[in-house]
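So the chains spell out like this:
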Amino acid sequence: MKIDVLPHARLSQERIVFAITVALFVIFAATLDRFLTSANLLSLLQSVSVLGILGVGMAIVVIGRGIDLSIVATMAIPVAWALYMMDHGVAAAPAFALGLGLSLAIGVLNGVFIAYVEVPALFATLAIGAFVYGFGRSQLFDQDIIALPKSESWIAAVGRMHVGEIPIAVVFFAVICAAGFLLLRYTKIGRFFYLMGENYLAARITGIPTRPMIVLQYTFSSLAAFVAGVVTAAEVTSMNTRVVNSTLIYDVILVVVVGGIGLSGGKGGIRNVIVGTLLIGILLNGMTILDVRYTLQNLIKSFILLTALLVDSTVNPRDEQTGQQGDI
Amino acid sequence: MTRQKLVALCTGLMLCSSAAIADGLVDPGRSPYVEALQGKKVVFLPLAMGFDLAEGWTSGVRQTVQANGGTFSIRDPNWSTDAGAQALTELISEKPDLIVVHNPDVQSYARLNEKAEKAGIYIIQVNMRSSYSTDGYVGADWLKVGEAEANALVRKCGAGTSGKVAIVQGVLTAATSVYQIGPILDVFAKHPEIKVVSNQAADWDASKARSLTATVLQQNPDLCGLISFWDGMALGSSAAIAEAGKTGKVYVVTNGGGEQMACDNLESGSFDEYVSFDVPRQAADMSDLIETLFQAKQKPGVVKISLYTPNEILTKADLKPGSCWSMKALPKP
């Protein structure tokens, strides 16, 4: 059986969004001074790198027809805990190892609840996200913004590092994208994720170990979240746990969905995440250069996203399968 | 009266009074003071706990209230305006004696503050005043904070520089943003040499401030100065400036409660100038106001007292031990 995971339609959502992205890029390049400099483009990429890394984690889960609403909590709390431990005299290596351990444990917990207890992903990850935040803030540390301790300033130096011209955050984004791509495209596990997303019951009947695979999926998304957290902490020399209550989670879902990875699962890949991330990055960068009022920025952002969704649902009407299964 | 009798009387009086001194005098003013707070219920409704301002205020006020026999409790809505409004509504029916309210913005709690005051609860607002003035306000004078920040840049970015400055606001509806931006723009309006090249909001988030500042720097490599509305967020801007290799070339001005982190960042050159509204002093002001209200025994809403904290301007040059306070060193309850 040949499974084609690439979008069929001539004008897939990914292509529509890509076209909008290119159009915006051309408009900004033509009208804005210094938009089209390599330094500005790199800084554009850098500003959405964390979003992109989270997007990759989310994509892996969404392709398998799940969703991880705890991804922002998993980014913030383990890294904040690691910084807090360092501030209280724990060396960097064990502190980060414990933080990583915590975030992987959250991933496993998500997976077990969804795969074995059979709680719908939406509710399981929502509840676990809230639990992680509450547990972290009340049991692990008592501040909501944890600053990087002065003794560990090398981490800030790493955060400012450039590989050649490229900021380290962009390098991380690229590495995570590459890893995600290899996982989804060239490993058996990756192919299983697509099959489970396409038709979970059929995947199960054919003998795919669906339950362990689900646990693995959420572990991957937690891993991506931890990397995103470390990049953030290195960049701004602090971890702000308030992001858990921010709209960041919607932006992550947006990047994934707008890029063309349907919430019904089984479709899309890392390329879609990159396209979605680029669109958001170009929009934010252009509007900041234009010094557009913040409230107006929200309006423009949502207008463009709505346009993309509208065009998509006109050009690609919902098929029978989605109609039956429904989106998440 | 004979002389002997007079001497005897004097001696007697002296003996009596010295006996009284040996036993100690009773300060007649003390007992009203001690009784004023006895058994009083004081509740603090911050935006959230776990950050320098709220922890500093809590520590100071708790100490005063508990030392004088009152009870002190906290309702932590964790940055949720809805949860905060609900907590305040519940408190009105619970009827403590005094609520210290930290408003999220100008409007949200305004009517509840009024309602609570009418229900006979003293209300002290801290650092962010709602549109309804209650018994007390203790907090920064945002007008002066804004002026101080703007004047710092007028001083640094005058003739001989590009005159370009950027402003990074917090959440746009927050009272601190609303009250701070006006005076800043007023000052700049009087100085045509200053050009505001960017005036954006980063929602109190360092990450947003970082990418915003990075973009502004790309566009204006000759940026002369930057005002960030809060020190926690300014970390993001100074990270972007450091990354562009412009630390020391862009004059970073910010404000906050003067926690140790501020001094550390002034020391390292991440911040250049800092307008501090001394949090321990604010906690002391709040304590004084609480004691005053309970001793004056006026009906809630009768007096309206504002205590604006004088700003302290800190730069690396005038840092000394004790310029900042440390959240870590606060006594644990």
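Bear in mind that the values here come from a model prediction, so they are computed numbers and not experimental data. (Residues numbered from 1 in each chain as written. Chains lettered and ligands numbered in written order. Predicted model: local features only at pLDDT ≥ 70, side-chain atom pairs only at ≥ 80, totals over all residues.)

**Some thoughts on the overall build of chain B**
Now for step 1: Regarding its fold elements, chain B presents 11 helices and 12 strands.
Now for step 2: Relative to the 2.2 N^0.38 estimate, which gives 20 Å for 333 residues, the radius of gyration of chain B is 25 Å and therefore markedly larger than a compact globule would have.
Now for step 3: Over its C-alpha atoms, taken along the principal directions, chain B stretches across nearly 100 × 50 × 40 Å.
Now for step 4: For chain B, with 333 residues in total, the buried portion stands at 50%.
Now for step 5: A separation of at least 24 residues holds for 75% of the contacts in chain B among residues at least 6 apart in sequence. (Helix = DSSP H or I, 4+ residues; strand = E, 2+ residues; numbered from the N terminus. Rg over C-alpha atoms; globule rule 2.2 N^0.38 Å. Buried ≥ 20, exposed ≤ 12 C-beta atoms within 10 Å, placed from the backbone. Contact = placed C-beta atoms within 7 Å.)

**Structural notes on the sheet that holds strand β4 (residues 122–126) of chain B**
Residue and element names in this part refer to chain B.
Now for step 1: Pairing in this open sheet of 6 strands is parallel, and the strands run β2-β1-β3-β4-β5-β11 from one edge to the other. Sheet topology places β2 (71–74) and β11 (305–309) at the edges, where each strand pairs with a single neighbour. The mean angle between the axes of side-by-side strands here comes to 15°, regardless of whether they run parallel or antiparallel.
Now for step 2: For strand β1 (residues 41–45) and strand β3 (residues 98–101), the ladder comprises 4 bridges, and the chain directions are parallel. (Pairing = 2+ DSSP bridges. Axes fitted to C-alpha atoms, helices over the stretch in contact; angles between N-to-C directions.)

**Looking at helix α4 (residues 81–94) of chain B**
Structural remark: α-helix, 3.6 residues per turn; residues separated by three or four positions point the same way.
All names here are of chain B.
Now for step 1: Taking 1.5 Å per residue, 14 residues should reach 20 Å; α4 reaches 20 Å between its end C-alpha atoms and fits that length.
Now for step 2: Against the buried residues of α4 lie β1, β3 and α5 (110–118).
Now for step 3: One or two steps after α4, the chain reaches lysine 95, where phi turns positive at roughly 55°. (Expected span 1.5 Å × (residues − 1).)

**Considerations on the interface of chain B and chain A**
Interface size is often expressed as the accessible area that is lost when the parts come together.
Now for step 1: Contacts between the two partners involve 28 residues from chain B and, on the opposite side, 32 residues from chain A.
Now for step 2: Those elements giving two or more residues to the side of chain B that touches chain A turn out to be β7 (195–201), α8 (206–219), α9 (231–243) and α10 (260–268) of chain B.
Now for step 3: Counting residues per element, the side of chain B that touches chain A draws most heavily on α8(B), at 10 residues.
Now for step 4: Grouping the constituent residues of the side of chain B that touches chain A by class yields 13 nonpolar, 11 polar and 4 charged. (Nonpolar A, V, L, I, M, F, W, Y, C, P; charged D, E, K, R; others polar.)

**Some points on the pairing of β4(B)**
Two faces, one strand: in a regular strand the side chains alternate between the faces of the sheet.
Residues and elements named next belong to chain B.
Now for step 1: Extensive coverage of β4 is indicated by the burial of 5 of its 5 residues.
Now for step 2: Side chains of β4 alternate between two faces, with Tyr122, Ile124 and Val126 and Ile123 and Gln125 buried alike.
Now for step 3: In this region the chain leaves β3, passes through α5 and returns to the parallel neighbour β4; the handedness of that crossover is right-handed.
Now for step 4: Sheet topology places β4 next to strand β5 (residues 136–140); 3 bridges connect them, and they run parallel. What sits directly across from isoleucine 124, in β5, is glycine 136. (Right-handed = clockwise from strand over helix to strand, strands pointing away.)

**Re the domain arrangement of chain B**
Residue and element names in this part refer to chain B.
Now for step 1: When its domains are assigned, chain B resolves into domain 1 (30–139 + 279–306) and domain 2 (142–276).
Now for step 2: For domain 1 and domain 2, the distance between their C-alpha centres works out to 31 Å.
Now for step 3: Across the contact, 10 residues belong to domain 1 and 8 residues belong to domain 2.
Now for step 4: If one sorts the elements of the side of domain 1 that touches domain 2 by residue count, helix α3 (residues 52–67) sits on top with 3 residues.
Now for step 5: Split into classes, the residues belonging to the side of domain 1 that touches domain 2 amount to 5 nonpolar, 2 polar and 3 charged. (Domains from an automatic or database assignment.)

**Quick notes on unusual backbone geometry**
Now for step 1: Phi angles above zero are rare outside glycine, and Glu118(A) is one such case at about 60°.
Now for step 2: Here Glu118(A) is to be found in the loop between α4 (92–115) and α5 (121–140).
Now for step 3: Residue class for Glu118(A) comes out exposed when judged on the 9 C-beta atoms lying within 10 Å of it.
Now for step 4: The phi dihedral of Lys95(B) is positive, around 55°, even though this residue is not glycine.
Now for step 5: Relative to the helices and strands, Lys95(B) is located in the loop between α4 and β3.
Now for step 6: Taking the C-beta count within 10 Å as the criterion, Lys95(B) has 12 such neighbours and is therefore assigned exposed.

**Observations regarding the environment of Asp186(B)**
Residues and elements named next belong to chain B.
Now for step 1: Examined against the element boundaries, aspartate 186 turns out to sit in helix α7 (residues 175–189).
Now for step 2: Its 13 C-beta neighbours within 10 Å are what place aspartate 186 among the partly exposed residues.
Now for step 3: Through-space distance from the C-alpha of aspartate 186 to that of lysine 115 is 35 Å; in sequence the pair is 71 residues apart.

**Overview of the environment of Ile282(A)**
All names here are of chain A.
Now for step 1: Within the secondary structure, isoleucine 282 is located in helix α12 (residues 270–289).
Now for step 2: A tally of 24 C-beta atoms within 10 Å means that isoleucine 282 is categorised as buried.
Now for step 3: In sequence terms isoleucine 282 and leucine 24 are 258 residues apart; their C-alpha atoms lie 7.3 Å from each other.
Now for step 4: Beyond its immediate stretch of four places on either side in the chain, isoleucine 282 contacts Thr21, Leu24, Phe25, Phe28 and Leu44.

**Focus: the sheet that holds strand β6 (residues 164–169) of chain B**
All names here are of chain B.
Now for step 1: The 6 strands are arranged β7-β6-β8-β9-β10-β12 in an open sheet whose pairing can be described as mixed. Single-partner strands in this sheet number two, and they are β7 and β12 (312–315). Taken pair by pair, the neighbouring strands of this sheet meet at an average axis angle of 15°, ignoring direction.
Now for step 2: Judged from the 4 bridges that link them, strand β9 (residues 251–256) and strand β10 (residues 273–276) form a sheet pairing that is parallel. Along β10, the bridge assignment pairs glycine 256 with serine 276.

**Let's talk about the pairing of strand β8 (residues 225–228) of chain B**
Residues and elements named next belong to chain B.
Now for step 1: Side chains Gly225 and Ile227 project from β8 onto one buried face, and the interleaved Leu226 and Ser228 project onto a second face that is buried too.
Now for step 2: Here 4 bridges tie β6 to β8, and the two strands are oriented parallel to one another. Bridge assignment links valine 165 to a residue of β8, and that residue is glycine 225.
Now for step 3: Bridge analysis of β8 against β9 gives 3 bridges, and the strand direction is parallel. Its bridge partner being in β9, glycine 225 is matched across the sheet by tyrosine 251.
Now for step 4: Crossover handedness for the path β8 to α9 to β9: right-handed.

**Looking at the packing of helix α1 (residues 13–31) of chain A against helix α13 (residues 294–315) of chain A**
Residue and element names in this part refer to chain A.
Now for step 1: Between α1 and α13, whose axes approach to 9 Å, the crossing angle comes to 145°. The crossing of α1 and α13 is right-handed. Note on element contacts: α13 touches α1 through Ile304, Ala308, Val311 and Asp312, opposite Gln13, Ile16, Val17 and Ile20.
Now for step 2: The residue makeup of the contact of α1 with α13, split by class, is 6 nonpolar, 1 polar and 1 charged. (Left-handed = near helix turned anticlockwise from the far one by under 90°.)

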